[in-house]
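So you can see what is in the structure, the chains are spelled out below.
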Amino acid sequence: MQRIILSGIKHSGKSTVGWAIASRLGLFFADLDDLILRDAADFSSIRELFREIGADGFQKQEAESLNHFFQANEGKEFVLSLGGGTIENSLALEIMNRDDVTSYYLDADENDLFNRIIRGGIPPFLEGEDPKKKFSDLYKRRSALYRNWAFRIIDTRGKTPAEITDEIIDTVDHT
Ligand SMILES: Nc1ncnc2c1ncn2[C@@H]1O[C@H](COP(=O)(O)OP(=O)(O)OP(=O)(O)O)[C@@H](O)[C@H]1O
Ligand SMILES: O=C(O)C1=C[C@@H](O)[C@@H](O)[C@H](O)C1
Ligand SMILES: [Mg+2]
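Residues numbered from 1 in each chain as written. Chains lettered and ligands numbered in written order. Predicted model: local features only at pLDDT ≥ 70, side-chain atom pairs only at ≥ 80, totals over all residues.

### Let's talk about the overall build of the chain
When helices and strands are tallied, the chain shows seven helices and five strands. Ordered by position from the N terminus, the helices and strands of the chain form the series β-α-β-α-α-β-α-β-α-α-β-α. Its C-alpha atoms give the chain a radius of gyration of 16 Å, within 12% of the compact-globule value 16 Å for 175 residues. Within the chain, buried positions represent 30% of all 175 residues. In the chain, 79% of the contacts between residues at least 6 apart in sequence involve partners at least 24 apart. (Helix = DSSP H or I, 4+ residues; strand = E, 2+ residues; numbered from the N terminus. Rg over C-alpha atoms; globule rule 2.2 N^0.38 Å. Buried ≥ 20, exposed ≤ 12 C-beta atoms within 10 Å, placed from the backbone. Contact = placed C-beta atoms within 7 Å.)

The following block contains the structure:
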C-alpha cells in the first residue's frame, strides 16, 4: 500500500513535489496545512490562524486535523505533505507512528529556503528582531529532527521539482 508522507522545512517543495508524485502514481494528495484550514474554517489563511491561536494552539489543531485525516482515510492510499513545523509537534509524530506509512524528508539548502520564504514576506514564526538568525536556528534544529525521523532523506539541492519527483518515485515499491 502506498502511503507517502513528505516532510521538510517550510518551502522545501512538499506541496509541489507531493502533488506531482500523487498525479504520477494516481493517488490522492492532501496537504496538512489545507486540512487544518478546512477544520478551522473561520480563518482564511494559515498565517492568520497561527497569529490568532499561537504556536501551542496551532500544534493542537494540527494534531487534531492529522488524526481526522487518518480516521477518514483508513485503508486508503495517499500522498500527504506535512506542515513545516510538524516535526516539532510530538502529538502529530505520535499519530504518524505507524508502519503503513513511508516518510520522506526533503532536505534543502538553508539559504535557498530562506530566500524562497521571504519572497512572500516574513511569516509569523520568523517575526522578531533578526528573522535570518531565527531561521538559521530553526533550520539547524529541525533538519536534525527530520533526518532522525524520516525513513528516507532526499537531497533536493540543485534539483528541479520534476527531478525530485522522479527520485522519490524510483524509491517507491511498485509490487
Ligand atoms: N526544487 C525546487 N527548486 C526551486 N524552487 C522550488 C523547488 N521546490 C519548490 N520550489 C518553490 O518554492 C516555493 C515553495 O514550494 P512548495 O509550496 O512546494 O513548498 P512547501 O514545502 O509545500 O512549503 P510550505 O511549507 O510553505 O507548505 C514555490 O514557489 C516553489 O515553486
Ligand atoms: O514552519 C512552521 O513552523 C510552520 C509552517 C507552515 O507550514 C504552517 O504549518 C505553520 O505556519 C507553521
Ligand atoms: Mg506546502
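### Side note on the nonpolar core
Counting 30 residues, the largest nonpolar core has Leu6, Val17, Ile21, Tyr104 and Leu106 as its most contacted members. For this core, the secondary structure elements donating two or more residues are strand 1 (3–7), helix 1 (14–25), helix 2 (32–39), strand 3 (78–81), strand 4 (102–107), helix 5 (110–118), helix 6 (131–149) and helix 7 (161–171). If one sorts the elements of this core by residue count, helix 1 sits on top with four residues. Beyond its immediate chain neighbours, meaning those up to four positions away, Val17 contacts Leu6, Leu106, Pro161, Ile164, Thr165 and Ile168. (Core = buried A, V, L, I, M, F, W, Y, C linked by C-beta atoms within 7 Å.)

### Focus: the site of ligand 1
Lining the immediate surroundings of ligand 1 are 17 residues, of which Lys10, Gly13, Lys14, Ser15 and Thr16 lie closest. At the level of secondary structure, the elements contributing two or more residues to the shell around ligand 1 comprise helix 1 and helix 7. When residues in the shell around ligand 1 are grouped by element, the largest group, three residues, is from helix 1. By residue class, the composition of the shell around ligand 1 is two nonpolar, 10 polar and five charged. (Near = placed C-beta within 6 Å. Nonpolar A, V, L, I, M, F, W, Y, C, P; charged D, E, K, R; others polar.)

### Here we look at helix 1
Over its 12 residues, helix 1 extends 16 Å from the first C-alpha to the last, a length consistent with the 16 Å expected when each residue adds 1.5 Å. Lining the buried residues of helix 1 we find strand 1, strand 2 (28–31), strand 3, strand 4 and helix 7. The positive-phi residue at the C-terminal boundary of helix 1 is Gly26, with phi of around 70 degrees. (Expected span 1.5 Å × (residues − 1).)

### A short note on the environment of Arg157
For Arg157, the location among the structural elements is in the loop between strand 5 (152–155) and helix 7. Residues Arg157 and Phe58 lie 99 residues apart in sequence; the distance between their C-alpha atoms is 30 Å. Ignoring anything within four residues of it in the chain, the contact list for Arg157 reads Ala108 and Asp109.

### What to know about the sheet that holds strand 5
Adjacent strands of a sheet form backbone hydrogen bonds with each other and so pair up, either parallel or antiparallel. Pairing is parallel across the open sheet formed by five strands, whose spatial order is 2-3-1-4-5. Strands at the two margins of the open sheet, each flanked by one partner only, are strand 2 and strand 5. When the angles between neighbouring strand axes are averaged without regard to direction, this sheet yields 20 degrees. Note: strand 2 against strand 3, four bridges, orientation parallel. Looking at strand 3, one finds that Phe29 is bridged to Val79. (Pairing = 2+ DSSP bridges. Axes fitted to C-alpha atoms, helices over the stretch in contact; angles between N-to-C directions.)

### A word on the pairing of strand 3
Here strand 1 pairs with strand 3 via four bridges, running parallel. Across the sheet, residue Ile5 finds its bridge partner in strand 3, namely Leu80.

### Overview of the UniProt feature "binding site: substrate" (unreviewed entry) in the chain
UniProt annotation of "binding site: substrate" (unreviewed entry) refers to Asp33, Gly84 and Arg142 when read in the numbering used here. Tracing the backbone shows Gly84 in the loop between strand 3 and helix 4 (90–95). Residues in contact with Gly84, not counting those within four places in the same chain, are Ile9 and Lys10. Note on placement: Arg142 falls in helix 6. Residue class for Arg142 comes out buried when judged on the 20 C-beta atoms lying within 10 Å of it. (UniProt positions renumbered as here; feature names shortened; annotations may be inferred.)

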